[in-house]
Amino acid sequence: MEKNTNTNHTSDDNNDKNHTNEEQEKIILNPNFEDGLNNWTGRACKIVLHESMDSGKIVPLSGKVFAAATQRKDTWNGIQQEISGRFRRKRVYEVTAVVRIFGNNVTSATVQATLWVLNANKREQYIVIANVQATDKNWVELKGKFVIHGSPSRVILYLEGPPPRADILLNSLVVQHAKRNRPSPPPFYENPGFGVNIVENSEVLDGGTKPWFTLGNCKLSVGQGAPRTLPPMARDTLGPHKPLGGNYIVVTNRTQTWMGPAQMITDKIKLFLTYQISAWVKLGVGVSGSSMSPQNVNIALSVDNQWVNGGQVEVTVGDTWHEIAGSFRLEKQPQNVMVYVQGPGAGIDLMIAALQIFPVDRRERVRCLKRQVDEVRKRDIVLKFSGLNDDESFDLFPYIVKVKQTYNSFPVGTCINRTDIDNEDFVDFFTKNFNWAVFGNELKWYATEAERGKVNYQDADDMLDLCIGNNINVRGHCIFWEVESTVQPWVRQLNKTDLMNAVQKRLTDLLTRYKGKFKHYDVNNEMLHGSFYQDRLGKGVRALMFNIAHKLDPSPLLFVNDYHVEDGDDPRSSPEKYIKLVLDLEAQGATVGGIGIQGHIDSPVGAIVCSALDKLSVLGRPIWFTELDVSSSNEYVRGEDLEVMLWEAFAHPSVEGIMLWGFWELSMSRENANLVEGEGEVNEAGKRFLEVKQEWLSHAYGIINDESEFTFRGYHGTYAVEICTPAGIVLKTFVVEKGDTPLVISIDLSSL
């Protein structure tokens, strides 16, 4: 995810004429309707100017009038203004609108600001700027940003969203250049207390349960016989630890899933620190007839009455003790923070032992990983020189060797979108800093065939041409998507026979068109979170998809791909369930070539991520992080999050590649996740990413020894070596591939 720092605008930039300074930029004309409805039109509806509505109950928030988009027959109808020729490409703009709704008994609805862009090649594009939940009671502010990378022929900004026949009211709409805010400084942690548990009486050693209290009318007591060691993921972070006492909290008389033990921890939380959560949990039969099916147990935080996930695990009643792990970080000062344990059904007893919440020293973890990387990602290299015996000067003047790695072959890629590649600054950063790519949406079925029979691969073709032209490998994402909400309406409406035919046609069209061009395919995305095709076509359809894809194009690795596998946040996609999915597919004959972990992660903790990787390694398949992104309002913390994930992946022998899910502001699916600002400035998180990339390049310096050799240990990839001799400088290049034995590179100096 990274960028180019050149933000200059060339003379041929579209819409850049007559923009010599910001004061001249008037993107929206008549923004407050002081000139009536001039410059505004209805988007397939009527617009009307009002001084008031609803018998005077609705009046402008500012100014004397407001506009209403009325007689709307569809959600996309609204008020609009064409802004063609009044903006600069590659410039970030902020939209601020004051809106509300009225009519048709609609009291609350989403109002969205959207850009319609018509590119020079007649390709239409819709850019969602922002949305807000509007009501019929008050005016609300809608605010968001946009950037246009290319040189479109037309651009229209419009409001849409509420149900038909509900009016969209607009008091004002302004578009102005969004200046980059100065980043917040890196957090200062005074006495962070790394590894110190902030939960009081977590082992209930004295037999009492204070300061624990109950949520609901359940009862707390103390039991004995819990494990006397910390759960493995906590041990991995904390290291050696004294034996636990074996006591645990027992929660009985539970009549609701949310009932359980709780404790206030408001004063113990420090902002921007990453906290790891760990505990042992077990379930018992409390009331006869209570459910014996697997139950979800959740350690949660209530932060000013907002739920924050601290980890979840699925547990069977009467089973053994289970580890539960998670993490969190707070970035705004809360008024109240409560930790609590919940989840199992009514009548099931809940047991919790050794609940730990402690800040994690992630920098120390990275230091340890760097030592591990030396073993996993490097190889011994011997430069063996010949032709020195005849050179008498060798005994008098040592030959100096300078080795510099120019390229690390470990795959580090990013998600790109079709509109991104219209920006030459984006393309420059992308091609300089990544060796793999994946398309955000352009290869998905709903993008290539939104309407039945109207197949369009132009966007994917454009992106693939760019990647191939720059020697960048590409992952195919994705052939199918198992989550029903992502399946286009015409596919959802097919009967079983027609759906099977459509699936086979999709496979044939895609795999034959791009045969040999994609290195990977995500065959059926997120099978742990959806079952659209399996429910309609039977369990065997998933393996069938793999098998047909492999027959049509045997060269790419075929991946499973899912989210929340690595963070402990979702019991539906635990490593154990992911392993079972892969084994079931293989038992049906599917050729599963790789394990995709998406990696949309918050406040990552190395021990939790590593535990998941270790478990998945038993499958013996390459593991890739396929959609990695992290998010923090503080750019330095965001960079630290990313660094943790990069080193965790790089240090694990089963991980064979990392794909970021974008890097450029306004081209990512998550807020506060970008590494490059919208106008091309590398932010602090991006700088950290580039620093890590530099650390993944080996360098060596020294002299040729008495055995005419120079030895060093370096990462896999391409190297340049410079040998300084009395007769001049010799330049050579060589490539280091993976291997367990030392690589010997012969260099002949006899021609000097």
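Above this text is the structure in question.
Since the model is a prediction, treat every value here as computed from it, not as a measurement.

Definitions and cut-offs
- Residues numbered from 1 in each chain as written.
- Predicted model: local features only at pLDDT ≥ 70, side-chain atom pairs only at ≥ 80, totals over all residues.
- Heavy atoms only, no water.
- Helix = DSSP H or I, 4+ residues; strand = E, 2+ residues; numbered from the N terminus.
- Rg over C-alpha atoms; globule rule 2.2 N^0.38 Å.
- Buried < 20%, exposed > 50% of the residue type's maximum accessible area, 1.4 Å probe, protein only.
- Phe/Tyr/Trp six-rings, centres within 6.5 Å; stacked < 30°, edge-to-face > 60°.
- Salt bridge = Lys/Arg side-chain N within 4 Å of Asp/Glu carboxyl O.
- Polar contact = N/O pair within 3.5 Å; in protein donor to acceptor, adjacent residues only side chain to side chain.
- Contact = heavy atoms within 4.5 Å.
- Pairing = 2+ DSSP bridges.
- Axes fitted to C-alpha atoms, helices over the stretch in contact; angles between N-to-C directions.
- Parallel < 35°, antiparallel > 145°, perpendicular 65-115°, else oblique.
- Left-handed = near helix turned anticlockwise from the far one by under 90°.
- Nonpolar A, V, L, I, M, F, W, Y, C, P; charged D, E, K, R; others polar.

### Some details on the overall build of the protein
And step 1. Within the protein, the regular secondary structure consists of 14 helices and 35 strands.
And step 2. In terms of overall dimensions, the protein is globule-like: its C-alpha atoms have a radius of gyration of 30 Å, near the 27 Å expected for 752 residues.
And step 3. When its C-alpha atoms are laid out on the principal axes, the protein stretches across 105 × 75 × 60 Å.
And step 4. Relative to its full complement of 752 residues, the protein shows a buried share of 56%.

### A short note on unusual backbone geometry
And step 1. Between lysine 210 and the following residue, proline 211, the backbone shows a cis peptide bond with an omega angle of 5 degrees.
And step 2. Structurally, proline 211 is set in the loop between β10 (167–177) and β11 (213–215).
And step 3. Of note, the bond from histidine 477 into cysteine 478 is cis; its omega dihedral lies within 30 degrees of zero at -10 degrees.
And step 4. The residue cysteine 478 is located in strand β25 (residues 473–481) in this model.

### Description of the packing of aromatic side chains
And step 1. Overall, the coordinates contain 34 aromatic pairs when judged by the stated rule.
And step 2. Both rings, one in phenylalanine 410 and one in phenylalanine 650, keep their centres 4.9 Å apart while their planes meet at 75 degrees; by these two values the pair is edge-to-face. Here phenylalanine 410 is found in the loop between β22 (400–408) and β23 (412–416), whereas its partner phenylalanine 650 is found in helix α13 (residues 635–651), with 240 residues between them in sequence.
And step 3. Overall, phenylalanine 410 belongs to the buried group, its relative accessible area being 9%.

### Let's talk about the pattern of salt bridges
And step 1. For the structure shown, the criterion picks out 47 salt bridges.
And step 2. One salt bridge in this structure joins lysine 145 and glutamate 665, with 3.6 Å as the shortest N-O distance. Note that lysine 145 is positioned in strand β8 (residues 140–147) and glutamate 665 in the loop between β30 (655–660) and α14 (684–695), a separation of 520 residues in sequence.
And step 3. Judged by its relative accessible area of 31%, lysine 145 falls in the partly exposed class.
And step 4. Judged by relative accessible area, glutamate 665 falls into the buried class, the value being 13%.
And step 5. Ionic pairing is found between arginine 513 and aspartate 461, a salt bridge with its closest N-O pair at 2.5 Å. Of this pair, arginine 513 sits in helix α8 (residues 496–513) while aspartate 461 sits in helix α6 (residues 458–469); the two residues are 52 residues apart in sequence, bridging distant segments of the chain.
And step 6. Judged by relative accessible area, arginine 513 falls into the partly exposed class, the value being 41%.
And step 7. One salt-bridge network, held together by shared partners, links Arg329, Glu331, Arg362, Arg363, Glu640 and Asp641.

### Thoughts on the side chain of arginine 329
And step 1. Structurally, arginine 329 can be placed in the loop between β18 (322–328) and β19 (337–342).
And step 2. At 3.1 Å, the side chain of arginine 329 and the side chain of glutamate 331 are in polar contact.
And step 3. Excluding residues within four positions of it along the chain, arginine 329 makes contact with Phe272, Leu273, Thr274, Arg362, Ser603, Ser631, Ser632, Val637 and Asp641.

### Some thoughts on the sheet that holds strand β2 (residues 46–50)
And step 1. Spatially, five strands are ordered β2-β3-β10-β5-β8 in an open sheet, and the strand pairing comes out antiparallel. Pairing within the sheet leaves two strands with one partner each, and these edge strands are β2 and β8. On average, adjacent strands in this sheet sit at an angle of 35 degrees to one another, irrespective of strand direction.
And step 2. With eight bridges joining them, strand β5 (residues 92–102) and β8 adopt antiparallel strand pairing. Across the sheet, residue glutamate 94 finds its bridge partner in β8, namely lysine 145.

### Details of the packing of α8 against helix α10 (residues 541–552)
Packed helices, taken two at a time, are described by the angle their axes make and the gap between the axes.
And step 1. Close contact between α8 and α10 brings their axes to 9 Å; oriented N to C, the two are set at 30 degrees. Considering the angle they form, α8 stands roughly parallel to α10. Relative to α10, α8 is oriented so that their crossing is right-handed. Of the residues in α10, those touching α8 at Met500, Val503, Gln504, Leu507, Thr508, Leu511 and Thr512 are Val541, Leu544, Met545, Ile548, Ala549 and Leu552.
And step 2. Within the contact of α8 with α10, the residues separate by chemical class into 10 nonpolar, three polar and no charged.

### What about the environment of methionine 338?
And step 1. In this structure, methionine 338 sits in strand β19.
And step 2. Residue classification places methionine 338 among the buried residues on the basis of a relative accessible area of 14%.
And step 3. Taking the C-alpha atoms as reference, methionine 338 lies 31 Å from leucine 528; in sequence the two are 190 residues apart.
And step 4. Sequence-distant contacts of methionine 338, defined by excluding residues within four places in its chain, comprise Phe213, Leu215, Ala262, Gln263, Met264, Ala300, Leu301 and Ser302.

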